[in-house]
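# Structural features, examined
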Amino acid sequence: MSSLESAGIEAADLPVLGHYIDGKEVPGEGRSCDVFDPATGQVSKKVALADADSFERTVYSAQSAFPAWRHTPPQKRAQIMFRFKQLLEEHADEICQLITSEHGKVLDDARGELGRGIEVVEYACGISELLKGEFSKNAGPDIDSWSEFQPLGIVAGITPFNFPAMVPMWMFPLAIACGNTFILKPSERDPSPAILMAKLLSEAGLPDGVFNVLNGDKETVDLILNDERIQAVSFVGSTPIAESIYQKGTDAGKRVQALGGAKNHAVIMPDADVDNAVSALMGAAYGSCGERCMAISVAVCVGEEVADKVVTRLENRIKELKVGPGTDTSNDMGPLITKEALQRIHSYIEQGLEQGAELVVDGRNLLVSGYENGFFVGGCLFDEVTAGMSIYTDEIFGPVLCIVRVKDLDEAMMLINRHEYGNGTCVFTRDGETARYFTDNIQVGMVGVNVALPVPVASQSFGGWKRSLFGDLYVYGPDAVRFYTRRKTMTQRWPASNKTEKAKFSFPAS
Ligand code: NAD
């Protein structure tokens, strides 16, 4: 019996979420897929998967809106962003309820996600300042030269399930503030917050067609990548897909930034404040059920004494974790996103055991009363993990923390620098020299010192190194302004009208 039948719901009765094209919600036609409530394990709605017709309407709408939007003064675009920010705050409860009902994360965590997205909108409100060009007076005799930053045209964003409001907001506020039109292809697992944000943008005064949401899957993504009218693609998701999107998109002549997966290490030095480090590790490893690209999934303990202390304290704290539906804000952790994700975590735990790691806390047999079909797993802790094990090499994307024991800082850093991912990392220490050496030499894009989740603020930019990012520019912050614009440089001279000039055949020098 399917989960639908057991709940007495006919598949045909379920609402189908469509798209948002040209300032209107548009029903989807043709293919669709299920959206689950991860806490109950039930299908709650369906979402349309765009076909070529819906795609064509979306591109037409974005293309038609571009000429007027790119000529709209940046200050006017900023005013719309101000109103959008206010509307996001007014509708915060509704947005967070949607996030929790489709993603599963605890409501407070959804509020944190929304807050970080709003910070990017606030940064985009300063677009007039950010787009100011550069001017060189007297670049040559009577010659002035300046650069300006023009929008690209239609830009697409393809986003993952784990931050259905924040990651889209890493992209579209700055893309549209820079004068582009935008097509968002959100994750098909939790598509509703994107549609709500599109409605709020319209309410804020954004002209029709500037922001569109096209729901879909790989087929939709391929349409985006193959269409020459789309100038640039921002992608966030897993590394194999990021790599393929970067290759296909750049082969098709597009500008692409593709952020991928992660395996983030925290180093705990012998001089660290162990209690505070353990508190920070708890939030960073088990918050959002470990489904964060900046989650700490490896704790590298320097010296046996620190390792023993960290493991004992973590063990006690993990056993106290409150796991249940995200709507109950007393819970620390909600469910995983899908049944497949749950099976994947179970499979990694078996692999860890087979490969010789010590399972200190096993979260597999957790039952949440009243939510027996939900996709729940408890916090898991492995000790004695080594670099060759799949639980160490692979991104598990669940609440599984691995302890690796090393003898000194250099061994810890060598481990991190050799890992294929380089998204985030941190060191817990009280020593400035250690912190400086670590931040200077670690091969990772975002680094914390006594900060377990060093997610850059909106005025910086976010991105990883190695196979955590394909492309040159990070998302949001100053890098996003560069990514979503093209530099144009003018050189101008107004010679005196009464002066006859001779032809010069040497290359002009100033
Ligand atoms: P995913 O790669 O499965 O999906 C991401 C997007 O790509 C979705 O919109 C999906 O519809 C689309 N997609 C899926 N398969 C595709 C295919 N074969 N071809 C084209 N498009 C495809 O990722 P996910 O499971 O939704 O999200 C989790 C992953 O995202 C994790 O690996 C996590 O580390 C990563 N992530 C990275 C960052 C970062 O900043 N580096 C941030 C958030 C999430």
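Every chain begins its residue count from 1, and numbering advances along the sequence as written. Selection of residues for local features in this predicted model requires a pLDDT of at least 70, selection of side-chain atom pairs for listing and counting requires 80 or more, and totals for whole chains, interfaces and linings are taken over all residues. Computation of side-chain values covers all heavy atoms of the structure but excludes hydrogens and water.

### Examining the site of the ligand
Close to the ligand lie 25 residues, the nearest being Lys-185, Glu-188, Ser-238, Gly-260 and Glu-395. Identification of polar contacts relies on pairs of N or O atoms within 3.5 Å, with a donor-acceptor requirement for protein atoms, meaning one able to donate a hydrogen and the other able to accept it, and with residues adjacent in sequence counted only if both atoms are side-chain atoms. Note that an oxygen atom of the ligand is positioned 2.6 Å from one of the side-chain N or O atoms of Glu-188. The contact in question runs from an oxygen atom of the ligand to an N or O atom on the side chain of Ser-238, over 2.6 Å. About the coverage of the ligand: the protein hides 86% of its 850 Å² of free accessible area. When residues of the shell around the ligand are traced back to their parent elements, those giving at least two are helix H9 (218–226) and strand S11 (230–236). In this classification, Asp, Glu, Lys and Arg are treated as charged, Ala, Val, Leu, Ile, Met, Phe, Trp, Tyr, Cys and Pro as nonpolar, and every other residue, Gly included, as polar. In the shell around the ligand, the residues fall into 13 nonpolar, 8 polar and 4 charged. Nearness is judged by heavy atoms alone; a residue qualifies as near a molecule or strand once a single heavy atom is within 4 Å of it. A 1.4 Å probe and the Shrake-Rupley method give the accessible areas. Residues count as covered only by the protein chains that appear here. Put simply, DSSP H or I for four residues or longer makes a helix, DSSP E for two residues or longer makes a strand, and each gets a number counted from the N terminus.

### Section: the sheet that holds strand S17 (residues 400–406)
Strand order across the open sheet formed by 7 strands is S15-S16-S17-S14-S13-S19-S20, with mixed pairing between neighbours. Because the sheet does not close on itself, it has two edges, and the strands there are strand S15 (358–361) and strand S20 (446–449). Taken over all neighbouring pairs, the strand axes of this sheet differ in orientation by 20° on average, direction set aside. For two strands to be treated as a pair, DSSP must find no fewer than two bridges joining them. In terms of strand pairing, S15 meets strand S16 (residues 380–383) through 3 bridges, oriented antiparallel. Within S16, the position partnered with Glu-358 by the bridge is Asp-383. Those strands touched by helix H11 (residues 274–286) are strand S13 (264–268), strand S14 (296–302), S16, S17 and strand S19 (424–428), and its axis lies near 155° from that of S14. To obtain an axis, a line is fitted to C-alpha atoms, over the contacting stretch when the element is a helix, and the angle between two such axes runs from 0 to 180 degrees between their N-to-C directions. Contacts between residues were defined by any pair of non-hydrogen atoms, one from each residue, lying within 4.5 Å.

### Topic: the packing of aromatic side chains
Here is the rule: rings of Phe, Tyr and Trp (six-membered ring for Trp) pair when centre to centre is within 6.5 Å. Planes less than 30 degrees apart are stacked, more than 60 are edge-to-face, and the remainder are tilted. According to the stated counting rule, one finds 12 aromatic pairs in the structure shown. Between Phe-161 and Phe-397, the ring centres sit 5.9 Å apart and the planes meet at 85°, which makes this aromatic pair edge-to-face. Placement of the pair is Phe-161 in the loop between strand S8 (154–158) and helix H7 (166–177) and Phe-397 in the loop between helix H14 (390–393) and S17, with a sequence separation of 236 residues. When accessible area is computed with a 1.4 Å probe and restricted to protein chains, residues below 20% of their type maximum are described as buried, those above 50% as exposed, and intermediate ones as partly exposed. Phe-161 gets classed as buried once you look at its relative accessible area, which sits at 16%. In this structure Phe-397 comes out as partly exposed when scored by relative accessible area, which is 21%. Ring centres of Phe-483 and Tyr-484 lie 5.2 Å apart, and the angle between their planes is 80°; this geometry places the pair in the edge-to-face category.

### A look at the domain arrangement of the protein chain
In many reports, interface size means the accessible area that the parts give up when they come together. Residue ranges for the domains trace back to a domain assignment, done automatically or taken from a database. Taken as a whole, the protein chain is organised into domain 1 (14–260 + 468–489) and domain 2 (264–449). In this structure, domain 1 and domain 2 have C-alpha centres spaced 31 Å apart. Across the boundary between the two partners, domain 1 contributes 24 residues, which contact 27 residues of domain 2. Summing both partners gives a buried area of about 2,000 Å² for domain 1 against domain 2, and 62% of it is carried by carbon and sulfur. Three residues stand out in domain 1 for area buried against domain 2, namely Ala-39, Val-106 and Ser-468, and they jointly supply 25% of the buried area on that side. Salt bridge, as applied in this entry: a Lys or Arg side-chain nitrogen positioned within 4 Å of an Asp or Glu carboxyl oxygen. At the junction of domain 1 and domain 2, the tally comes to 1 salt bridge. Scanning the region where domain 1 abuts domain 2 turns up 7 residue pairs in polar contact (both at pLDDT 80 or more). At the level of elements, helix H4 (92–103) and helix H5 (107–124) are the ones that each hand at least two residues to the side of domain 1 that touches domain 2. Counting residues per element, the side of domain 1 that touches domain 2 draws most heavily on H4, at 4 residues. The class makeup of the residues in the side of domain 1 that touches domain 2 is 8 nonpolar, 10 polar and 6 charged. By buried area we mean how much accessible surface two parts lose on assembly, using a 1.4 Å probe and totalling the loss over both.

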